[in-house]
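Observations on the model geometry
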Amino acid sequence: MATSGAGGEGYSGLNGIVSETEHKIMTDLPAELLEYILCFPVLKHVDICNVSCSCKRLHDVCHGRGKVWGHQYKLRWPRLQKHYRQNECCDWLKEYRTRHTVGLQIRRTVVSISKRFFTEVPCVGQVLGDSFAEIESLGAPEHFCEDELLSILNSDRRKSLTLKYYAKKILYFLRQQNILRSLKMFLEQPAEQQSALEGAVLVDQYCNPLADVSLDGISSQLEEITDKVKKMLRMKNSSHPSLRVTQGDCFAVEDFELERQVVVALNAVLYEQLQYKGNECDYYNPLNSYIHQVLLRRTGIPISLSVLYMTLARKLGVQLEPVNFPNHFLLRWCQHQRGSGDIYDFVYIDAFGKGKQLTAKECEYLIGHQVTADYYSAISTTEVLLRMVGNLLNIGKRGISSLREGNEKSYQLLRDSLDLYLTINPDNVQYLLLQARLYFHLGIWPEKVLDILQHIQALDPSQHGAVGYLVQHTLEHIQHKKHPVEPEVKRRSAPEHVEVQYSVGLIMKHKRSGYNCVIYGWDPKCTMSQEWITTMRVHQLSSGANQPFYNVLVQDGTCRYAAQENLEPHSAPLEIAHPEVGRYFSEFHDSHYVANEELQTRYPEDMAETLGTVRDLYHRLTPCSGQASGQQESPKGTGGSSQDQKSQENQEAMPM
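For clarity, every value in this text was computed on a predicted model and none was experimentally measured.

Here is what the cut-offs are and how they apply
Residues numbered from 1 in each chain as written. Predicted model: local features only at pLDDT ≥ 70, side-chain atom pairs only at ≥ 80, totals over all residues. Heavy atoms only, no water. Buried < 20%, exposed > 50% of the residue type's maximum accessible area, 1.4 Å probe, protein only. Helix = DSSP H or I, 4+ residues; strand = E, 2+ residues; numbered from the N terminus. Pairing = 2+ DSSP bridges. Axes fitted to C-alpha atoms, helices over the stretch in contact; angles between N-to-C directions. Parallel < 35°, antiparallel > 145°, perpendicular 65-115°, else oblique. Left-handed = near helix turned anticlockwise from the far one by under 90°. Contact = heavy atoms within 4.5 Å. Salt bridge = Lys/Arg side-chain N within 4 Å of Asp/Glu carboxyl O. Core = buried A, V, L, I, M, F, W, Y, C linked by side-chain atoms within 4.5 Å. pLDDT = per-residue confidence, 0-100. Phe/Tyr/Trp six-rings, centres within 6.5 Å; stacked < 30°, edge-to-face > 60°.

All right, on to the pairing of strand β6 (residues 330-334) then. Strand residues, when the strand is regular, have side chains that alternate between the two faces of the sheet. Of all five residues in β6, five are buried; the element is thus mostly enclosed. Residues L330, R332 and C334 point to one face of β6 and L331 and W333 to the other, with burial holding for every one of them. Pairing geometry for strand β5 (residues 321-323) and β6, over three bridges, is antiparallel. Residue P322 lies in a different strand from β6, and its bridge partner there is L331.

See below:
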């Protein structure tokens, strides 16, 4: 940027004096001003690279530890700023390169996993090993990987559905691995240092790894409740010692009357003012076991409400102990000398029953039968967690055993709760065998199944019958995977498919049940077993089983197998909020879903049919725009034949 007078010899100033010629260029500006210019928001990293290559002066201004690359880094990845101290000096250019490289590798990994899952039930841990070995070799922090996955998930809501589907599964897996490590460290602490609240939060985080759940956040909410109790307590006794307790203090009230005042104030705030209560209407909802949901919904089951109640009481100086009472978790409160072993020296608090205080005999009335004195004993934090995880495990089994309710969520809950239980108690043969059978049933991770079975055999040789059966069939599964069968390709033009009216990607409505769904597969005739056909009353349909049947993803999160005569195109197509949509489709295009590459491989002629149907029904797409939308592909997903079959077996046809 040069300036000179006419003819290059000089110019006349305002005062009439002729000045000497001056040449000014950009690099003569102070470094601070150059940095300010190069931090202008319109400049991208490519522009900064080009500028830094133009001359030594600008190369020095754009050095790795300077403001320019620091600005570029913060501009592109703002979520990562929480991992750096304010005004921290580091090599921003190196950080930028590493984060960029990790991002590219993560996307390659997500795409490669989508291919692996074309005909398999997704089990991310099974296939991540080799892919993440390359990422780990970069020496990058884990939050780089998580940030890239979040970038994928936060992109355009209707596009890149397959990429998002697998990015979400990878993020779920990675966060769970971190939580398991934290849980193992927690269990290694001395028993007296283990907090039931912290353990409950870890269980909550593991089952909800994508939710914003933290111990600090939960503790902050409990502090707010504690302040309300103190306010109530101050009205009754302004000199109560619990009022002087600050956050983090280790304090115990010694006088029984002072303890009673705390318990009365706690009940008044928790159950009268804040309206907490036991969830009798929806007792088996897993949300009742998650501490962040208990605080949000103000309802739970005995054990989750007891953890909450016990934590609040201890913050106010009252020491309550957890009691593993059968069918109804309780807390006990010593009324006499501490350390007493007599069950009649305690009052038992029912946190599920609005803090009601019970005698030992009244506890038996609560469950309807007598129990031995052992059941009134206090238990450790580890035992509290086992009871809590055991409840979730039973809810998962309950959901799977129900034909109408069994779905992906129930299987995921059972897998998560088994992981937690066996982390806490790794040598439980009963649950090890259940985990092996679950993995075998789902057809996932056969190598891990063999490891589990080997561990069971070492722990309990008497299980050789069940172990031998599973080993034999798992080895057959591994052998079968070495020679995979090519998925069946279904062409609409084939003579046997002439009666198939609808195609994958169409948004449909069930005529009888009224649910909304999207088609992700079809058969020219019903392919289910005779038992299923009888159970679902398919014979009551006008065409019975001798008509096309469709695999559909339903708005309520289930997968169903519906007869053609029961379906009709939706009059006002809408997005289907089903967790498996991204497995089969790459994009939602206003009135239909665009099949991803894997699903198009299985149904090669369906997308053209879908576009024609949409054009005829909704008059929204011209031939050109329709063809273009069919060609817009995100990174590849999968069709999943085994998943199709499992969906059929576990869901109903809904013929009525």
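A few words now on the sheet that holds β5. Taken together, the four strands give an open sheet; going across it, the order is β5-β6-β7-β8, and neighbouring strands pair in antiparallel fashion. Of all the strands in the sheet, just β5 and β8 (356-358) have a single pairing partner and so form its edges. Each adjacent strand pair in this sheet contributes to an overall mean axis angle of 40°, direction not counted.

This next bit is on the packing of helix α8 (residues 161-188) against helix α16 (residues 408-424). Angle between the axes and distance between the axes: these two values describe a pair of packed helices. Closest axis-to-axis distance for the α8/α16 pair is 10 Å, and the angle between their directions is 25°. By the angle between their axes, α8 is roughly parallel relative to α16. Of the two possible hands of crossing, α8 and α16 adopt the one that is right-handed. Of the residues in α16, those touching α8 at Y172, Q176, L180, L183, K184 and L187 are Q412, D416, L420, T423 and I424.

The next point concerns the sheet that holds strand β13 (residues 567-569). Strand order in this open sheet of five strands is β12-β11-β10-β9-β13, and the pairing throughout is antiparallel. Each of the sheet's edge strands pairs with one partner strand only, and the pair in question is β12 (559-563) and β13. Ignoring which end each strand starts from, the neighbouring axes of this sheet average 50° apart.

A few words on the pattern of salt bridges. According to the stated counting rule, one finds 20 salt bridges in the structure shown. Taking the shortest distance from any N to any O, the salt bridge between D147 and R79 comes out at 3.0 Å. Here D147, found in helix α7 (residues 142-153), pairs with R79, found in the loop between α4 (67-76) and α5 (92-116); they are 68 residues apart in sequence, far enough to count as distant. When its relative accessible area of 4% is taken as the criterion, D147 is described as buried.

Let us look at the nonpolar core. Core analysis: the biggest nonpolar cluster contains 45 residues, and I225, Y276, Y309 and L320 have the highest contact counts within it. Counting residues per element, the ones that place at least two in this core are α9 (196-207), α10 (215-236), α11 (256-273), α12 (291-297), α13 (302-315), β6, β7 (346-350) and α15 (381-401). Considering each element in turn, this core owes the most residues, eight residues, to α13. Setting aside residues up to four positions removed in sequence, Y309 forms contacts with V263, L266, N267, L270, Y271, L320, L331, I349, A351 and G355. Counting 38 residues, the second largest nonpolar core, distinct from the first, contains V429, Y439, V449 and I456.

Turning next to the confidence of the model for the protein. The share of residues in the protein with pLDDT of 70 or more is 86%, and the mean pLDDT across the chain is 85. Note on residues 621-656: pLDDT is under 50 here. Beyond four places in sequence and across chains, it has 134 contacts.

On inspection of all chains with the given rule, the structure shows 22 aromatic pairs. On the numbers, 4.7 Å between centres and 55° between planes, the contact of W77 with Y96 is tilted. Of this pair, W77 sits in the loop between α4 and α5 while Y96 is found in helix α5, placing the two residues 19 residues apart along the sequence. Here W77 and Y96 have matching classes, each one buried. Ring geometry for W522 against Y603: centres 5.3 Å apart, planes inclined by 50°, an arrangement best described as tilted. You can see W522 sitting in strand β10 (residues 516-523) and its partner Y603 sitting in the loop between α22 (597-602) and α23 (606-618), a full 81 residues away along the chain. For W522, a relative accessible area of 0% puts it in the buried group. One aromatic cluster is present, formed by W69, Y73, W77, Y84, W92 and Y96 through successive ring pairs.

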